[in-house]
Each structure stands twice: as C-alpha cells, then as structure tokens.
Amino acid sequence: KDNPIPERLKAARKKANITQKDLGVKIGMEESSASGRMNHYEKGRHVPDIGTLTRMAEELDVPLSYFFCKDEVTAELACLIDKLSDEDKKSLLDKLSAKANS
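Computed from a prediction, not measured in an experiment: that's the story for all the values here.

Caption draft 1: Here's a closer look at the nonpolar core. One finds L9, M56, L60, V62 and F67 to be the most contacted residues of the largest nonpolar core, which totals 21 residues. Mapped onto this core, the elements with two or more residues apiece are α1 (5-15), α3 (31-43), α4 (50-60) and α5 (72-83). In this view, V62 contacts A12, A57, F67 and C79; residues no more than four positions away in its chain are not counted.

Shown next as structure tokens:
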C-alpha cells in the first residue's frame, strides 16, 4: 500500500473510460503486450518508469503528480489545480499561504 501509483492509474483509466489495452497502445506499447503490461502496473507488480508515467498522465489528462497522491482529496486537488491558469495558481498559492500562516 506504500505505492499509490497502481490505485491512481486504475482510477484515472476508468474515469477516462479506456481499456488497459487501449491505454497501453495509445502510449506506444505493442498491441500484443499492452494489456498485460498495463495490468502489471495496475496490480503493482511492476512500476512504470517516469517516461511511461508521463505519457499515461498526458493520455489520461491528469497531472503527473496525481499518481503520487496518497489520498483522494489530494488527488482531486492536484487535478483541479492543474487545470488553473498560471495566474490563478499564483492567486491560490497566495491565499493558501496566508491561511497556513494565520
């Protein structure tokens, strides 16, 4: 349970309504091995390298940091923050910093 990647990967893939095989193929895996490789990642038997994880994040429309979030609230925040403009991110950071320091 130390590694959040398998759980996050499965959740993002299901939310995107895509099969393991389709995701694997879309990120450049051979069609014959894509489903098996993705299954190993989702079961935690293997950990994808950072390049593979980055391609998955792009395909699933989540930030790379999403895969490392330990809980649902943090994961959802990571996704929402990623969608903000740089200006809005700075504004949010200022507000959070003020709140944390008060």
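Next comes the rest of the write-up.
Caption draft 2: Molecular detail of the side chain of R8. By secondary structure assignment, the location of R8 is in helix α1. A relative accessible area of 1% places R8 in the buried class. One polar contact links R8 to E72, side chain to side chain, over a distance of 2.9 Å. Not counting residues within four places of it along the chain, the set of residues in contact with R8 comprises Y66, F67, C69, K70, D71, E72 and A75.

Caption draft 3: Broad picture of α5. With twelve residues, α5 should cover 16 Å at 1.5 Å per step; its first-to-last C-alpha distance of 17 Å lies within 8% of that length. All of the buried residues along α5 are A75, A78 and C79. Projection of α5 onto a plane perpendicular to its axis shows the buried side chains occupying an angular sector of 95°, all on one side. With respect to the buried face of α5, the exposed residues turned more than 90 degrees away are V73, E76 and L80. In this fold, the buried residues of α5 make contact with α1. Measuring from the backbone nitrogen of V73 back to the side-chain oxygen at the start of α5 gives 3.2 Å, which picks out D71 as the cap.

Caption draft 4: Unusual backbone geometry, seen in detail. With a phi close to 55°, N17 is a non-glycine residue in the positive phi region. Structurally, N17 can be placed in the loop between α1 and α2 (20-26). Backbone geometry at D61 places phi at a positive 60°, although glycine is not the residue there. Counting through the fold element by element, D61 comes out in the loop between α4 and α5. What makes D61 exposed here is its relative accessible area of 51%.

The rules behind the values
Residues numbered from 1 in each chain as written. Predicted model: local features only at pLDDT ≥ 70, side-chain atom pairs only at ≥ 80, totals over all residues. Heavy atoms only, no water. Core = buried A, V, L, I, M, F, W, Y, C linked by side-chain atoms within 4.5 Å. Buried < 20%, exposed > 50% of the residue type's maximum accessible area, 1.4 Å probe, protein only. Helix = DSSP H or I, 4+ residues; strand = E, 2+ residues; numbered from the N terminus. Contact = heavy atoms within 4.5 Å. Polar contact = N/O pair within 3.5 Å; in protein donor to acceptor, adjacent residues only side chain to side chain. Expected span 1.5 Å × (residues − 1). Arc of directions from axis to C-beta.

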